[in-house]
Amino acid sequence: MILNPKKNNYEYLDEKSRAIMLKTIEFFENKGKNKLKSDYHEKVWYADFIAFLKKEKVFATLLTPAAYGGEGCRWDTYRNCAFNEILGFYGLPYWYTWQVTILGLGPIWMGGNEAVKTKTARLLEEGGIFAFGLSEKTHGADLYSSDMALTPLGEGRYVADGGKYYIGNANEASLVSTFGKDTESDEYVFFVVDSKHENFDLVKNVVSSQNYVAEYALQGYPITEAEILTRGRDAWDASLNTINVGKYNLGWASIGMCTHAFYEAITHATNRVLFGKRVTEFPHIRQLFVDAYTRLAAMKLFALRNADYIRSASAEDRRYLLYTPMTKMKVTTQGEEVINLLWDVIAAKGFEKDMFFEMAAQDIRALPKLEGTVHVNMALIIKFMANYFFNPDEFPEIGQRNGTEDDTFLFNQGPTRGLGSIRFHDFNIAYNSIDLPNLTIFKDQTKVLQELLMTAPPEKDQQGDIDFLLILGELFTLVAYGQLIIENAKIYPVEDEFLDQIFDFMIRDFSRFALQLYSKTSSTDAQMDICLKMIKKPVVNPERFNRIWEKYVEPLNEAYEMKP
């Protein structure tokens, strides 16, 4: 159910892809935990990792679309999930350089500049990393207010002036995809710059970590048509569609970190004796572990199923635009919850400098805050709620998409407007496909939520209350989250009692958010009455709980430990 680097052989991947995963694991295992942690604490730029990526042509293979690369090169979301998880397992800094390279490549592969695409493929082959110059110090990611100026000089020549802020990899990026405005036409424009150019001013690293997250400035930087990727609406769409691609990875980083932290926590607790008992003999400790494990498994089931929708996407099927921000928002916040549960078990041990956990506990907080805050992504998710619940459409059933096809649609997603018109298949198909005690209770909660939306929907003032909508969105996302988990439970397959244990915590989460909505100062009497109907208790089944503990959780004691 979860990654064990010493046992996963990635036999489901082709030979070249499998070799990349195993060599990456070997790189980190040979590095050892002591060196991993000392580099983290001393904020050492991961030049050794960059050198490994270059030697093994990892980014060239995984991030070059087939049309521009050699044998084995393709953009394969399913394959990239595995690499995402491995990097998260060994530490967020290593994942981060991969993530911002993906963001930097987005506008290039989405653009129409074939010469830059060919150059990019060559730079990837040479071991290059990339950067995404979007946000600014004053405006953040407010694209409307971009101050990066591209001034025409005539005859296809331009000069770029302005600053960018919080730009990962910008210290070493072969190309930095930079978003700005044409000062003559006022249209948006994406162009590429070289971080080593004399007119590229690397101002500083704005964070204190292994990563280099730059503030940079272009000062009279010369640009020609040869460096321009997109203009106007295409540039705007490229920025948002790139984030659609990149934000999916954040959930996988969280899954990887939580998995490593889980191994440390269960091994520590099982072998620690307090008051004459092993720590894991205490009932409340077992509850914390079972909750953490089932949440982690649910995170992975959802994120994997999301990949099937990404790989099946088309102009007629854009359901991934709901599930992808959920992987960014829901999976990463669940990752925080998993770390919190484990931390309640290991307590002060989680602060120790030689524990991977200490690193995970700090870095897990970053993921919900990157590529749009939880609030930003929830505002996006809310747009889909009406069609999801009340206006289903028919789509062919999507199976597991684990083939070796190139995910070219990601670079041809089209306009970013019209999200409210996107349709979904009937979520009841999944929920009615299986009969389990906790699933029945959760379905009842879902029906009450639909009742709220039909009979006591948010009033005008509530629609402007982001906190009110955030809680409502949490309830909605639980339904979509559960739907994809059920769909994927049949693909892998997952035992019924394990799925029922997942819905144990789902019911409790639903009840918690219902109580929060009830307690809002603006909630009406009608809304409060309906919220009370949502509050339910899972089915108490000690036998099921004990089997989950004995079969899935307890055996992870000493199942993995990174060598010193």
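Above this note sits the structure.
Residues numbered from 1 in each chain as written. Predicted model: local features only at pLDDT ≥ 70, side-chain atom pairs only at ≥ 80, totals over all residues. Heavy atoms only, no water.

Novice: Give a description of the overall build of the protein chain that names residues and reports values.
Specialist: Scanning the protein chain for helices and strands turns up 19 helices and 10 strands. For 564 residues, the compact-globule formula gives about 24 Å, and the C-alpha radius of gyration of the protein chain, at 24 Å, lands near that figure. If you line up the protein chain on its principal axes, its C-alpha atoms span 75 × 60 × 40 Å. Here the protein chain holds 564 residues, and 60% of them are scored as buried. Between the centroid of the 61 positive side chains of the protein chain and the centroid of its 76 negative side chains there is a distance of 3 Å. (Helix = DSSP H or I, 4+ residues; strand = E, 2+ residues; numbered from the N terminus. Rg over C-alpha atoms; globule rule 2.2 N^0.38 Å. Buried < 20%, exposed > 50% of the residue type's maximum accessible area, 1.4 Å probe, protein only. Lys, Arg positive; Asp, Glu negative; His and termini not counted. Charge placed at Lys NZ, Arg CZ, Asp CG, Glu CD.)

Novice: Requested: an account of the pairing of strand E1 (residues 130-133), with residues and values cited.
Specialist: Taking every second residue as pointing to the same face, both faces of E1 are buried, with Phe130 and Phe132 on one and Ala131 and Gly133 on the other. Across four bridges, E1 lies against strand E4 (residues 175-182) in parallel orientation. In the sheet register, Gly133 faces E4, and the bridge partner there is Thr178. (Pairing = 2+ DSSP bridges.)

Novice: Quick rundown of the nonpolar core? Include the residues and the values.
Specialist: Counting residues in each nonpolar core, the largest one holds 184 residues, and the members touching the most others are Phe83, Phe289, Leu322 and Leu449. Counting residues per element, this core draws most heavily on helix H7 (residues 232-270), which supplies 18 residues. Ignoring sequence-local partners within four residues, the contact set of Phe83 consists of Ile20, Met21, Thr24, Leu53, Val58, Phe59, Leu62 and Trp98. Listed in part, the 20 residues of the second largest apolar core include Leu150, Val189, Tyr212 and Tyr216. (Core = buried A, V, L, I, M, F, W, Y, C linked by side-chain atoms within 4.5 Å. Contact = heavy atoms within 4.5 Å.)

Novice: Now, about the side chain of Asn80: what can you tell me, with residues and values included?
Specialist: Mapping Asn80 onto the fold places it in helix H4 (residues 77-90). Relative accessible area serves as the criterion here: at 4%, Asn80 is assigned to the buried category. Excluding residues that lie within four positions of it along the chain, Asn80 makes contacts with Leu62, Leu63, Trp75 and Trp98.

Novice: So what's going on with H4? Which residues, and what values?
Specialist: Given a rise of 1.5 Å per residue, 14 residues ought to cover 20 Å, and the 20 Å separating the end C-alpha atoms of H4 matches this to within 8%. Its side-chain oxygen 3.0 Å from the backbone nitrogen of Tyr78, Asp76 forms the N-cap of H4. The positive-phi residue at the C-terminal boundary of H4 is Gly91, with phi of around 140 degrees. (Expected span 1.5 Å × (residues − 1). Polar contact = N/O pair within 3.5 Å; in protein donor to acceptor, adjacent residues only side chain to side chain.)

Novice: Can you explain unusual backbone geometry? Please cite residues and give values.
Specialist: Here the bond from Tyr492 into Pro493 is cis, since omega is -20 degrees, no more than 30 degrees from zero. Counting through the fold element by element, Pro493 comes out in the loop between helix H16 (466-491) and helix H17 (496-519). Despite not being glycine, Asn169 has its phi angle at roughly 70 degrees, a positive value. Among the structural elements, Asn169 can be located in the loop between strand E3 (157-168) and E4. Judged by relative accessible area, which is 0%, Asn169 ranks as buried. Backbone geometry at Asp186 places phi at a positive 65 degrees, although glycine is not the residue there.

Novice: Any details on the packing of H17 against helix H19 (residues 542-553)? Residues and values, ideally.
Specialist: Close contact between H17 and H19 brings their axes to 10 Å; oriented N to C, the two are set at 110 degrees. Between H17 and H19, the interaxial angle falls into the category roughly perpendicular. Both H17 and H19 take part in a crossing whose hand is left-handed. Of the residues in H19, those touching H17 at Glu497, Phe498, Asp500, Gln501 and Asp504 are Arg544, Phe545, Arg547, Ile548 and Tyr552. For the contact of H17 with H19, the residue count by class is four nonpolar, one polar and five charged. (Axes fitted to C-alpha atoms, helices over the stretch in contact; angles between N-to-C directions. Parallel < 35°, antiparallel > 145°, perpendicular 65-115°, else oblique. Left-handed = near helix turned anticlockwise from the far one by under 90°. Nonpolar A, V, L, I, M, F, W, Y, C, P; charged D, E, K, R; others polar.)

Novice: Go over the side chain of Lys33, please, and point to the residues and values.
Specialist: By secondary structure assignment, the location of Lys33 is in helix H1 (residues 15-41). Classification of Lys33 by relative accessible area gives buried; the value is 11%. Not counting the four nearest positions on each side in its chain, Lys33 is found in contact with Glu264, Asp354, Phe356, Met562, Lys563 and Pro564.

Novice: How would you sum up the packing of aromatic side chains? Please name residues and give values.
Specialist: Counted under the stated rule, the structure contains 51 aromatic pairs. It is Lys330 that lies over the ring of Tyr481; its NZ or CZ is 5.7 Å from the centre. (Phe/Tyr/Trp six-rings, centres within 6.5 Å; stacked < 30°, edge-to-face > 60°. Lys NZ or Arg CZ within 6 Å of the ring centre and 35° of its normal.)

Novice: Explain the environment of Gly111 residue by residue, including any values.
Specialist: The topology assignment puts Gly111 in the loop between helix H5 (92-110) and helix H6 (114-125). Spatially, the C-alpha atom of Gly111 lies 54 Å from that of His284, the residues being 173 residues apart in sequence. For Gly111, the contacting residues outside a window of four places in its chain are Lys117, Leu229 and Thr230.

Novice: Can you lay out the layout of surface pockets for me, pointing to particular residues and giving the numbers?
Specialist: Approximately 590 Å³ is the volume found for the second largest pocket. Considering the residues around the second largest pocket, the lining is formed by 25 residues, among which Met1, Ile2, Leu3, Asn8 and Lys300 are closest to the centre. Among the secondary structure elements, those contributing two or more residues to the lining of the second largest pocket are H4, H7 and helix H8 (283-311). Split into classes, the residues belonging to the lining of the second largest pocket amount to 19 nonpolar, two polar and four charged. (1 Å grid on protein atoms, 1.4 Å probe; cavity = no way out; pocket = protein on both sides within 12 Å on 5 of 7 lines; lining within 4 Å. Points joined across faces, edges and corners; volume = space filled by probe spheres on them.)

Novice: Break down the state of the cysteines for me, with residues and values.
Specialist: A complete count under the given rule lists zero disulfides for this structure. Cys73 takes part in no disulfide bond, and the closest cysteine sulfur to it belongs to Cys81, at a distance of 19 Å. (Disulfide = S-S within 2.5 Å.)

Novice: Can you tell me about the environment of Ile486, naming the residues and giving the values?
Specialist: In this fold, Ile486 is placed in helix H16. For the pair Ile486 and Thr270, spaced 216 residues apart in the sequence, the C-alpha separation amounts to 31 Å. Setting aside chain neighbours within four positions, we find Ile486 in contact with Ala430, Tyr431, Ser433, Ile434, Leu439 and Phe503.

Novice: Residues and numbers for empty space enclosed by the protein, please.
Specialist: All chains considered together, the criterion is met by three cavities of 30 Å³ or more. Here the largest cavity defines a volume of roughly 140 Å³. Lining the largest cavity are 16 residues, with Thr77, Val245, Tyr248, Asn249 and Leu410 sitting closest to its centre. Going through the elements one at a time, H4, H5, H7 and helix H9 (320-346) are the ones with two or more residues in the lining of the largest cavity. Its residues placed into classes, the lining of the largest cavity shows nine nonpolar, seven polar and no charged. Among the secondary structure elements, those contributing two or more residues to the lining of the second largest cavity are helix H2 (47-56) and helix H3 (58-63). A per-class count over the lining of the second largest cavity returns seven nonpolar, two polar and two charged.

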